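Given next are the chains, with one letter for each unit.
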Amino acid sequence: MELVVLFGSFAVLLLIGTPVAFCLGISSFATILYLGLPPVVVFQRLNSGVSVFALMAIPFFIYAGEIMVRGGIARRLVALAGATVGHFRGGLGQVNIAASVLFGGISGSAAADASAIGGLMVPQMKERGYDADYAVNITVTAAMIALMLPPSHNLIIYSIAGGGRISIADLFTAGIVPGIVLALSLMVAAYFVAKKRGYPTEKFPGMKIAGELFIDAIPGLILIAIIFGGVRSGIFTASESSDIAVVYALACTLFLYRTMDFKTFVEVTVGAVKTTAMVLLVIGSAACFGWLLAYLRVPANIVAFMQTISDNPIVIMLLINVALLILGTFMDMSPLIVITTPIFLPVATAFGVDPVQFGVIMILNLGIGLCTPPVGSVLFVGCAVGKIPVTQAIRTIWPFYLAAVVTLLLVTYIPSLTLFLPSLFH
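Our subject in this report is the structure included herewith.

Analysis parameters
- Residues numbered from 1 in each chain as written.
- Predicted model: local features only at pLDDT ≥ 70, side-chain atom pairs only at ≥ 80, totals over all residues.
- Heavy atoms only, no water.
- Helix = DSSP H or I, 4+ residues; strand = E, 2+ residues; numbered from the N terminus.
- Rg over C-alpha atoms; globule rule 2.2 N^0.38 Å.
- Buried < 20%, exposed > 50% of the residue type's maximum accessible area, 1.4 Å probe, protein only.
- Contact = heavy atoms within 4.5 Å.
- Areas by Shrake-Rupley, 256 points an atom, 1.4 Å probe, with all protein chains shown as cover.
- Phe/Tyr/Trp six-rings, centres within 6.5 Å; stacked < 30°, edge-to-face > 60°.
- Axes fitted to C-alpha atoms, helices over the stretch in contact; angles between N-to-C directions.
- Parallel < 35°, antiparallel > 145°, perpendicular 65-115°, else oblique.
- Left-handed = near helix turned anticlockwise from the far one by under 90°.
- Nonpolar A, V, L, I, M, F, W, Y, C, P; charged D, E, K, R; others polar.
- Core = buried A, V, L, I, M, F, W, Y, C linked by side-chain atoms within 4.5 Å.

## A word on the overall build of the protein chain
Thought 1: In terms of helices and strands, the protein chain carries 23 helices and 0 strands.
Thought 2: Its C-alpha atoms give the protein chain a radius of gyration of 21 Å, within 12% of the compact-globule value 22 Å for 426 residues.
Thought 3: Taking all 426 residues of the protein chain together, 54% fall into the buried category.
Thought 4: Counted over contacts in the protein chain with a minimum sequence separation of 6, partners at least 24 positions apart contribute 79%.
Thought 5: When the accessible surface of the protein chain is summed, it comes to about 17500 Å², and 71% of that surface belongs to carbon and sulfur atoms.

Encoded structure:
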């Protein structure tokens, strides 16, 4: 009955349009009252959920990403991507994906990627004769790449949800190859769709101009090296890396590019604060919800149930992936990571899956959910940027979904894709 109260109240609140953070908090509060526990437990668990030092990295990475977007770094990375892959079939579609790879190494956020890269690329693509649905579909699915690359906020959340014992440096390293594989898969899909629709290629600007664009983008590329290299080498932690990223981003935009005035600085700061408050409230509420699941022995019961279904790791991982794909269509990513990691991580490890590999599987899986209705936040951002209804995008997005699902299966069943690179540093 306790689980009926917990999940029933959560489902009802979600269906009537209550924000996810409040759905989690209110359903947890109702269940704790039903169990006869002190109501103060809700606030204790919420507070403990956000009182984790490693979470300090998230607001500063968000801040650094905001500064880089408003400071012109994204525009320079897009220009570099255009010179590199614009001459392939699909032209600006390929540029869109390549730019997401570069920008993902700065923002770590799919929504920020879709907003920043989409804001630059979608109008250009429509102006050059590309259909709006093609531009939006590429923007939305390419934004998933940012989830896989350092400094992915969600990999940090997964590490904390896993008990803080999973190395953030290993997770950052493990996501790089799958992120590149995802980018290549999307490029293949973009190529075939572009060929079918007869889209043009862009003219190669020449080595001289490409070199100039590379030099102009070097400050942004250096930030990627600082974030990954510093954390991976152990020179500083993820939290310290985020602080350095903010200082570096400010220095670039204030003194090098001189694109940051006081008004823009205030807007960037307020935007980062709002985003941080929203993310941390969701994490805290999800931590309370997750604590109740553990208290009611849900993870242990699910492990036992799955062991009765099959003892084959291939089947078990397929079931977990299907469950996460379904859940990802109805809930946002951050709360799902906090809630489902304590449930599915013990199942995966019991069947021999490395926790680092499972983290990358989970992030990619739930990233697909961000691009699917009815609660796909990145899908809505992309459609808003492209000024088209969601239904129009969904009708033609399936080749890109297929590319993402193929990548997910490769990451799930070929451990070396995620584990080879981290093993080089041990």
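Past the structure itself, the notes keep going.
## Section: the packing of aromatic side chains
Thought 1: As enumerated under the stated definition, the model contains 6 aromatic pairs in all.
Thought 2: When the ring of Phe 10 is compared with that of Phe 289, the centres are 5.6 Å apart and the planes differ by 55°; the resulting orientation is tilted. Of this pair, Phe 10 sits in helix α1 (residues 2–15) while Phe 289 sits in helix α15 (residues 262–295); the two residues are 279 residues apart in sequence, bridging distant segments of the chain. For the residue pair Phe 10 and Phe 289, the accessibility class agrees, reading buried in each case.
Thought 3: Consider the rings of Tyr 130 and Tyr 134, whose centres lie 6.0 Å apart with planes at 10°: the pair is stacked.
Thought 4: The structure contains a cluster of three or more aromatic residues connected by ring pairs, namely Tyr 130, Tyr 134, Tyr 199 and Phe 400.

## So, the packing of helix α19 (residues 355–369) against helix α22 (residues 398–413)
Thought 1: Put simply, α19 and α22 touch, their axes get as near as 10 Å, and they point 165° apart. One finds that α19 runs roughly antiparallel with respect to α22. Viewed along their axes, α19 and α22 form a crossing whose handedness is left-handed. Packed against α19, whose contacting residues are Gln 357, Val 360, Ile 361, Leu 364, Asn 365 and Ile 368, the element α22 presents Ala 404, Val 405, Thr 407, Leu 408, Val 411 and Thr 412 at the interface.
Thought 2: Here the residues of the contact of α19 with α22 are counted per class, giving 8 nonpolar, 4 polar and no charged.

## Concerning the nonpolar core
Proteins that are soluble and globular tend to have nonpolar side chains buried together.
Thought 1: Counting 141 residues, the largest nonpolar core has Ile 97, Tyr 134, Ile 320, Ile 337, Phe 358 and Phe 400 as its most contacted members.
Thought 2: Setting aside its immediate chain neighbours within four residues, Phe 358 contacts Tyr 158, Met 317, Ile 320, Phe 344, Leu 345, Ala 348 and Val 353.

## Remarks on unusual backbone geometry
Both trends apply: most residues other than glycine have a negative phi, and most peptide bonds are in trans.
Thought 1: Backbone torsion omega between Pro 150 and Pro 151 reads 10°, so that peptide bond is classified as cis.
Thought 2: Tracing the chain through its elements places Pro 151 in the loop between α9 (145–148) and α10 (153–161).
Thought 3: Of note, Lys 387 is a non-glycine position whose phi angle comes to about 60°, a positive value.
Thought 4: Relative to the helices and strands, Lys 387 is located in the loop between α20 (377–386) and α21 (390–396).

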